[in-house]
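Structure assessment
The primary structure of each chain is shown beneath.
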Amino acid sequence: MNTAKLCVSVFFMLIFSCSEGENSAEDEVPAELTKVQDTPFFELRTPLDWTLEVGQGFDTYVGHFIGPEDEIFFDQGISSFGTLHNIREDDNTLSFEKTRVNGIPTVITKRNENDSVILFAYFDANDKVRLNKLYSIDPGDEDLVIKIFRTHQFK
């Protein structure tokens, strides 16, 4: 009888401790991303030599993070992209990944657009307010840009 209870307990512990798309390794911050870029709505981690420039948005909070080789633009707010259901693969899609970043449903995609390669990350907290689109046009270091995308955290 005790063996049966133990087996059932272990089974439930395994079921409830594993959730799809949430991997603790995904949320680990790479060592080179030591600077916290703090905005009123979200944070990103970048290398120390990156800076933040805020733009002038009409219905969203916009700007970009500037590094020595790459730039990441953001469009944060209710009008930034709608919902993740609007983000789909098509003939211009080079890669497409549905994931979670710090618990938030996210799509990371690479696209060919107007003779450029653009990396996008779309974050949707499912509250119709916390929506953010990050993107980098013709990134020199795609791996670094994606690592930075994966540090996104809403406030």
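Given the structure is predicted, the values throughout are model-derived calculations rather than measurements.

**Digging into unusual backbone geometry**
Even without glycine at this site, Asn102 takes up a positive phi of about 50 degrees. Tracing the chain through its elements places Asn102 in the loop between β6 (93-101) and β7 (104-113). Classification of Asn102 by relative accessible area gives partly exposed; the value is 26%. For Lys128, which is not a glycine, the phi torsion comes out positive at approximately 65 degrees. The residue Lys128 is located in the loop between β8 (116-124) and β9 (131-137) in this model. For Lys128, a relative accessible area of 66% puts it in the exposed group.

**Considerations on the pattern of salt bridges**
Throughout the structure, instances matching the rule amount to seven salt bridges. Asp38 serves as the salt-bridge partner of Lys155, at 2.2 Å between the closest nitrogen and oxygen. You can see Lys155 sitting in the segment after β10 (153-154) and its partner Asp38 sitting in strand β1 (residues 35-38), a full 117 residues away along the chain. Between Asp127 and Arg130 there is a salt bridge, and its shortest N-O distance comes to 2.7 Å.

**A word on helix α2 (residues 142-149)**
Those residues of α2 that fall on the buried side of the exposure criterion are Leu144, Val145, Ile148 and Phe149. The buried side chains of α2 occupy one side of the element, clustering within an arc of 145 degrees when seen end-on. Lining the buried residues of α2 we find β2 (42-46), β5 (71-76), β6, β7, β8 and β9.

**Things to note about the confidence of the model for the chain**
Per-residue confidence for the chain gives a mean pLDDT of 86; residues scoring 70 or more make up 83%. The model gives residues 5-26 a pLDDT under 50, and that stretch makes 11 contacts with residues more than four places away or in other chains.

**Describing the layout of surface pockets**
Approximately 330 Å³ is the volume found for the largest pocket. In terms of lining residues, the largest pocket is bounded by 16 residues, among which Leu84, His85, Pro105, Asp124 and Asn126 are the most central. For the lining of the largest pocket, the secondary structure elements donating two or more residues are β6 and β7. Residues belonging to the lining of the largest pocket are distributed by class as follows: five nonpolar, six polar and five charged.

**Concerning the nonpolar core**
Of all hydrophobic cores here, the largest spans 21 residues; its most connected members are Phe42, Phe65, Ile72, Phe123, Leu134, Ile148 and Phe149. The set of elements that each furnish at least two residues to this core consists of β2, β4 (61-66), β5, β7, β8 and α2. Counting residues per element, this core draws most heavily on α2, at four residues. Ile72 has contacts with Trp50, Gly63, His64, Phe65, Leu134, Tyr135, Ser136, Val145, Ile148 and Phe149, leaving out every residue within four places of it along the chain. Among the nonpolar cores identified, the runner-up in size contains eight residues, and Leu84, Val107, Ile118 and Tyr122 belong to it.

Reading the values: rules and limits
- Residues numbered from 1 in each chain as written.
- Predicted model: local features only at pLDDT ≥ 70, side-chain atom pairs only at ≥ 80, totals over all residues.
- Heavy atoms only, no water.
- Helix = DSSP H or I, 4+ residues; strand = E, 2+ residues; numbered from the N terminus.
- Buried < 20%, exposed > 50% of the residue type's maximum accessible area, 1.4 Å probe, protein only.
- Salt bridge = Lys/Arg side-chain N within 4 Å of Asp/Glu carboxyl O.
- Arc of directions from axis to C-beta.
- Contact = heavy atoms within 4.5 Å.
- pLDDT = per-residue confidence, 0-100.
- 1 Å grid on protein atoms, 1.4 Å probe; cavity = no way out; pocket = protein on both sides within 12 Å on 5 of 7 lines; lining within 4 Å.
- Points joined across faces, edges and corners; volume = space filled by probe spheres on them.
- Nonpolar A, V, L, I, M, F, W, Y, C, P; charged D, E, K, R; others polar.
- Core = buried A, V, L, I, M, F, W, Y, C linked by side-chain atoms within 4.5 Å.

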